[in-house]
Amino acid sequence: MSSSSQIQEIIDTTQAEDPEDQCSTPEPEVDHAQDGAATPEASSSKPKKKKKSKAAKVLNAVRGKNEIPQELITHVVDRVAAEHGTDTAVTNEDNIRQVLEQMKIMDVIKGKSGISGRGKKAMGEHKFWATQPVPQLGDEAPPDDGFIEPDKSREEVRQDPYPLPKDFEWSILDINDPKQIKEVYDLLSLNYVEDDEAAFRFQYSAEFLEWALKPPGYLKEWHLGVRVSSNRKLVAFISGVPVTLRVRGHVFRASEINYLCVHKKLRSKRLAPVLIKEITRQVNLTGIFQAIYTAGVVLPTPVSTCRYFHRSLNIPKLVDVKFTYVPRSMTLARMIRVYKTAAKPELSGLREMEERDVPEVADLFTRYMQRFTMGPIMTLDEVRHQFLSGRGRMDEPSEHYRRPGQVVWTYVVEDPKTCRITDFFSFYSLPSTIINHPKHGLLEAAYLFYYASDVAFAEDSEADNNLKKRLEALVGDALIIANQAKFDVFNALTLMDNCSFLESLKFGAGDGLLNFYLYNWRTAPLAGVSAAGGVEPGKGIGVVML
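As the structure is a computational prediction, the values presented were derived from the model and not from experiment.

Attention now goes to the sheet that holds strand 13 (residues 442-443). The sheet built from three strands is open, its strands ordered 2-12-13 with antiparallel pairing. Two strands lie at the open edges of the sheet, namely strand 2 (200-202) and strand 13, each paired on one side alone. In the sheet, strand 2 pairs with strand 12 (residues 432-434) via three bridges, with the strands oriented antiparallel. Each residue of the ladder has a partner; that of Phe-200, found in strand 12, is Ile-434.

Structure below.
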């Protein structure tokens, strides 16, 4: 029996010792409108629970922790030694810890646990998703990629909007109207994603929403809202933008669904499923039947899961707002020195991307993205939009690498001899409101976006670590620019080639996971936070969702 099989056997036995898993009343159905969804209200008559075993309590807690508790490891060592003898590799604590970490990630992928205990639902409770063309939790990996339901003609698609609860009505949002984009901004700012402790909440600016929601070919019908009929107040929103996806060699048009948000006071109205069905109908009317979306919660069924990593820049502020802490082995002053960045970028030929660079950047991007199992295919106009349109007010001077209204930063490396673009990197700004803090109101966060380097095309570039070194230099300069632009933290996910440089550039693992989903498309799991199908971690996912 393999090490993982022996450990799984012990875990299964421990789970069987937990009477709560078998006997307790399931939690009530919750409308998980988005990451940070409302928690269920307590039941007025709680069933009396039997006492759980000590080991079962530890096992139940592990799914919400970053570290595997020593108590669980000791329990597994003792059980394996008792049942299989001490002369086995499984009694090695490092081996057990590694297998348990892999099992913890697979629990998330298979839907057995949520993110930090959040979003955990029994398989039978996903009533809405059970009716949708998505892989169901527990399904085997498909032998072949392809659609779940075939395309329909326009006449076969439902022609009328789905009914809303009484007192609510549909509203198509005009993102070109400053008043309406402010309504979306206000709704998201007060009701969208929060962290587990409700200390931080994403704050999408009007400039960010214009950049994210108006790519080439966008359709206003895919900016969908729900209003209160009596006062026209916007209380729910969902959006889609068109995208061309490549998944394992299959190329298809899809919608990128994002910003599903329901006002906190209306979560019990179950507006989220109706929003999803209506945006699906609107997308289907254009002849598109696939979608990509992400969520912090576990739904049926993630195609991949990525972990957030954070690179601290403004140490005093991050410590003050409890985003990070000073390790026991450090003082605050030493921590500031350790995370200090250089005063200016170090790569020769680095400059801000310009309009004239679009064709070369597009070519470099297209070739580089072939490295990943799933990725977007962009036209020249889409490259121009993604990397240039969010540069802020170009008629005003850039101070400390930042212009008023800027949401995206894109830099290229130009070879001084050939004048060719050899590399580029980009990142975007997505601040978070710091909730109820006496001193700080905003956490300035930068997020790594797309990048590429022609070093990847050289023979043995990975075996010789040349690509790793080049990416360290590129993203290292991105950190320097972000620090000079007064960002507090720089975030990245375990996708693309990020895993090669996160540790060396002093990124730390966060406790947040992001699940990637495909609608009406079946494919085997893609490598994200862990390897999958022989593909290294990260290299299954080449899509950065805003």
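Counting buried positions over the nine residues of strand 7 (residues 304-312) gives seven, a clear majority of the element. Bridge count between strand 7 and strand 16 (residues 508-519): six bridges; the pairing is antiparallel. Residue pairing across strands places Arg-307 opposite Leu-513, the latter belonging to strand 16. Inspection of the sheet shows strand 7 paired to strand 15 (residues 489-493) by five bridges, in the antiparallel sense. Bridged to Tyr-308 within strand 15 is Leu-493.

On to empty space enclosed by the protein, then. Inspection of the entire model under this criterion finds four cavities of 30 Å³ or more. Approximately 240 Å³ is the volume attributed to the largest cavity. The wall of the largest cavity is formed by 19 residues, among which Pro-242, Val-243, Glu-256, Met-378 and Gln-386 lie closest to the centre. Take the lining of the largest cavity: its biggest share by element is four residues, from strand 4 (residues 234-247). Grouping the amino acids of the lining of the largest cavity by side-chain chemistry returns 15 nonpolar, two polar and two charged.

Looking at where Glu-278 falls in the secondary structure, it is placed in helix 8 (residues 271-284). Taking the relative accessible area as the measure of exposure, Glu-278 reaches 1% and is therefore buried. With residues near it in sequence (within four places) discarded, Glu-278 still touches Pro-161, Tyr-162, Trp-170 and Leu-224.

Turning our eyes to something else, we now look at helix 13 (residues 466-484). With 19 residues, helix 13 extends 27 Å between its outermost C-alpha atoms, agreeing within 8% with the 27 Å of an ideal straight helix rising 1.5 Å per residue. Taken together, the buried positions of helix 13 are Leu-467, Leu-471, Leu-474, Val-475, Gly-476, Asp-477, Ala-478, Leu-479, Ile-480, Ile-481 and Ala-482.

Take helix 12 (residues 380-388) next. Glu-382, Val-383, His-385, Gln-386, Phe-387 and Leu-388 are the residues of helix 12 that are buried. Buried-residue contacts for helix 12 involve helix 7 (206-213), strand 5 (250-262), helix 11 (358-368), strand 10 (408-414), strand 11 (421-429) and strand 14 (445-453).

Looking now at the nonpolar core. In this structure, Tyr-259, Phe-427, Tyr-450 and Phe-490 are the most contacted members of the largest nonpolar core, which totals 100 residues. Residues contacting Phe-490, with those up to four places away along its chain left out, are Phe-309, His-310, Arg-311, Leu-313, Phe-427, Ala-446, Leu-448, Ala-478, Leu-479, Ala-482 and Phe-507.

About the criteria used
Along every chain, residues carry numbers that run from 1 in the direction the sequence is written. Local features in this predicted model are restricted to residues whose pLDDT is 70 or higher, and side-chain atom pairs enter the listing and the counts only when it is 80 or higher, whereas totals over whole chains, interfaces and linings include all residues. Excluding hydrogens and water, the side-chain values take into account all heavy atoms of the structure. Two strands qualify as a pair provided that DSSP identifies no fewer than 2 bridges between them. Only runs of H or I of at least four residues qualify as helices and only runs of E of at least two qualify as strands under DSSP, and these elements are numbered from the N terminus. Working definition: with a 1.4 Å probe on protein chains only, accessible area under 20% of the residue-type maximum means buried, over 50% means exposed, and in between means partly exposed. The definitions used throughout rest on a 1 Å grid laid over the protein atoms alone, on which a cavity is an enclosed set of points accommodating a 1.4 Å probe that cannot get out and a pocket is an open set flanked by protein within 12 Å on both sides along at least five of seven lines; lining residues are those having an atom within 4 Å of a point. Grid points are joined across faces, edges and corners, and a volume is the space filled by probe spheres set on the points. Each residue receives one of three labels: charged for Asp, Glu, Lys and Arg, nonpolar for Ala, Val, Leu, Ile, Met, Phe, Trp, Tyr, Cys and Pro, and polar for the others, Gly being one of them. Contacts between residues were defined by any pair of non-hydrogen atoms, one from each residue, lying within 4.5 Å. A helix's residues, less one, multiplied by 1.5 Å, set its expected span. In this description, a nonpolar core means a group of buried Ala, Val, Leu, Ile, Met, Phe, Trp, Tyr and Cys residues linked to one another through side-chain atoms lying within 4.5 Å.

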